[in-house]
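# Summary of the model geometry
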Amino acid sequence: MRQQWFDEARFGMFVHFGIYSVGARHEWVQNRERLTDAEYRAYFENFDPDRFDATALARRAKATGMGYIVLTTKHHDGFCLFDSALTDFTSVTACGRDLVREYVDALRAEGVKVGFYYSLLDWHHPDFTVDGHHPRRDDANAAALNADRDMARYREYLHGQVRELLTNYGAIDYLFFDFTYPDAVDGWPGKVAADWDADGLLALCRELQPEMLVNDRLGIPGDFVTPEQYQPTAPLVTDGVPQVWEACQTLNGSWGYDRDNTDQKSATMLVEMLADSVSMDGNMLLNIGPDGRGAIAPRDERTLAEIGEWMLLHRDAIVGAGHAPLTPPREGVYTRRGDRLYLHLVSWPMGAVHLPGLAGAVTFARLLNDGSALRTSVIDPAQEASNMTPAGGPEGTLTVHLPIRRPDVLVPVIELRLSDAS
Ligand code: GLC
């Protein structure tokens, strides 16, 4: 099964890097500020990623417990991080480096799965028509510009570049196309699957890389769906079939380096989001935007290091784990891997946690961070509550007794060994 490694990994790293990282004001800066090609060119001329170190990136991902990385080979601005015979708007021209080559080589050497992001939009290409997302849309001659633009020619370029990416870099595990917008935007028509010849593009992917996973943003179904900056609250099912999904999430709301943005999520929140994703049978793709020199920003490095410390101890509750069809107690969420059920405690209860339906189903309970055993008991359901004793839980409730001191980890996890793994 194509997606087996992906289901297993559960946690990946998204990397948004390009000449917008030099602008350091979000990867849509050209669009948001309606920068002309000439104005935006300054970031190309001064692109000097001397601190872009693909090996360091791969090691950081591994140390954070991530099994794969997805790098922006081209973003909406059209700038390519790879050597292309079809354009010289590339990192090879800008700084003499094929960053995709460095990336692929480093990830393979480190045993990390290789993902590409590729933008369907291209604000640099002379044939990509001006639309509601295009930086030129407010120009006086915006509509007239389209008279000379020809999406058929752009399509050829797009297919040619995808062919290059899927031919020149060996086996690729994952491809994230971005994105289709069928509805009109500010009065401009959107762009639909036919604009990309989505069927042809997907067929090309299948022909060149039959094992590669492809996402759902071509405007036709792919191998998995990609909720963006929100968390699904239930496993996703389409026509009765479970849907493979991956939530992509940012550290501060921006994908590309955004120097003055301080909306940094805490490592605790991110671990909770990760556990939440796995509890609903999904993956989480957590983004970093390397800075203008290509380095992981110190604030991001610190967050990833904290998550990595947690993953070192709690990996078994995430990697290879998935949804458990049980209602968790109000303090947390469940994940499950084989005969192990994991309770991720988002709040720490005083003295004990009560687990409906699990009386008689658990042979051993322990804290996952230090492997310390936890006492369990079943309170007699008939017992009346008094002001000195709790009422018995509903029939079948298992009580797990906890130390008063919450373990000093981002999210404590109780591992429950089930007597029946089915
Ligand atoms: C969006 C944005 C983009 C980002 C992507 C990540 O569609 O256009 O900047 O790369 O989502 O999922």
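Structural data are supplied above this passage.
Quick summary incoming for the structure in this document. (Residues numbered from 1 in each chain as written. Predicted model: local features only at pLDDT ≥ 70, side-chain atom pairs only at ≥ 80, totals over all residues. Heavy atoms only, no water.)

### Examining the packing of aromatic side chains
Evaluation of the coordinates by the stated rule reveals 25 aromatic pairs. Aromatic side chains Phe44 and Phe89 sit 5.3 Å apart centroid to centroid with 25° between the ring planes, which places their arrangement in the stacked category. On the criterion of sequence distance, the pair formed by Phe44 in helix 4 (residues 37-45) and Phe89 in the loop between strand 2 (68-74) and helix 6 (91-95) is long-range, its members being 45 residues apart. Like Phe89, Phe44 is buried. With centroids separated by 5.8 Å and ring planes inclined at 40°, the aromatic side chains of Tyr68 and Tyr174 adopt a geometry described as tilted. Highlighted residues: Tyr68 in strand 2 and Tyr174 in strand 4 (residues 174-178), separated in sequence by 106 residues. Neither Tyr68 nor Tyr174 differs from the other in exposure class; each is buried. Taken together, Phe17, Phe44, Phe47, Phe52, Phe79 and Phe89 form an aromatic cluster joined through their ring pairs. In this arrangement the basic side chain of Lys191 is found over the ring face of Phe128, its NZ or CZ atom lying 4.5 Å from the centre. (Phe/Tyr/Trp six-rings, centres within 6.5 Å; stacked < 30°, edge-to-face > 60°. Helix = DSSP H or I, 4+ residues; strand = E, 2+ residues; numbered from the N terminus. Buried < 20%, exposed > 50% of the residue type's maximum accessible area, 1.4 Å probe, protein only. Lys NZ or Arg CZ within 6 Å of the ring centre and 35° of its normal.)

### Topic: the nonpolar core
Within the largest apolar cluster, 91 residues are counted, with the highest numbers of intra-cluster contacts made by Phe116 and Phe177. In terms of residues, this core owes the most to one element, helix 9 (residues 151-167), which gives 7 residues. Those residues in contact with Phe116 that sit more than four places away from it in its chain are Val70, Leu71, Thr73, Val100, Tyr103, Val104, Leu165, Tyr169, Ile172, Tyr174, Leu175 and Phe176. Judged by nonpolar contacts, the second largest core, of 19 residues, contains Leu343, Trp348, Leu402 and Leu418. (Core = buried A, V, L, I, M, F, W, Y, C linked by side-chain atoms within 4.5 Å. Contact = heavy atoms within 4.5 Å.)

### Side note on unusual backbone geometry
Of all residues except glycine, most have a negative phi; of all peptide bonds, most are trans. For the bond running from Asp178 to Phe179, omega is -10°, close enough to zero to count as cis. Despite not being glycine, Arg34 has its phi angle at roughly 50°, a positive value. Mapped onto the elements of the fold, Arg34 is located in the loop between helix 3 (29-32) and helix 4. Under the relative-accessibility criterion, Arg34 is labelled partly exposed at 29%. Non-glycine residue Asp186 carries a positive phi angle of around 50°. Inspection of the secondary structure puts Asp186 in the loop between strand 4 and helix 10 (193-196).

### Let's talk about the pairing of strand 2
Counting buried positions along strand 2 yields 7 of 7 residues, so the element is predominantly enclosed. Strand direction decides the pairing type here: strand 1 (residues 11-15) and strand 2, joined by 4 bridges, are parallel. Bridge assignment links Val15 to a residue of strand 2, and that residue is Leu71. As defined by bridge partners, strand 2 adjoins strand 3 (residues 113-119) across 6 bridges and the pair is classed as parallel. (Pairing = 2+ DSSP bridges.)

### A look at the environment of Leu145
Residue position: Leu145 is located in helix 8 (residues 142-145). For Leu145, a relative accessible area of 23% puts it in the partly exposed group. The sequence separation of Leu145 and Val130 amounts to 15 residues, and the corresponding C-alpha distance is 7.4 Å. Here Leu145 is in contact with Val130 and Arg136, once residues within four sequence places are set aside.

### Here we look at the site of the ligand
Taken together, 14 residues sit near the ligand, with His16, Glu27, His75, His76 and Glu228 positioned nearest. Between Tyr117 and the ligand, the recorded distance is 3.3 Å, taken from a side-chain N or O atom to an oxygen atom. Asp178 places a side-chain nitrogen or oxygen 3.2 Å from an oxygen atom of the ligand. Here the ligand loses 94% of its free accessible area of 310 Å² to cover by the protein chains. For the shell around the ligand, the per-class residue count stands at 7 nonpolar, 3 polar and 4 charged. (Near = heavy atom within 4 Å. Polar contact = N/O pair within 3.5 Å; in protein donor to acceptor, adjacent residues only side chain to side chain. Areas by Shrake-Rupley, 256 points an atom, 1.4 Å probe, with all protein chains shown as cover. Nonpolar A, V, L, I, M, F, W, Y, C, P; charged D, E, K, R; others polar.)

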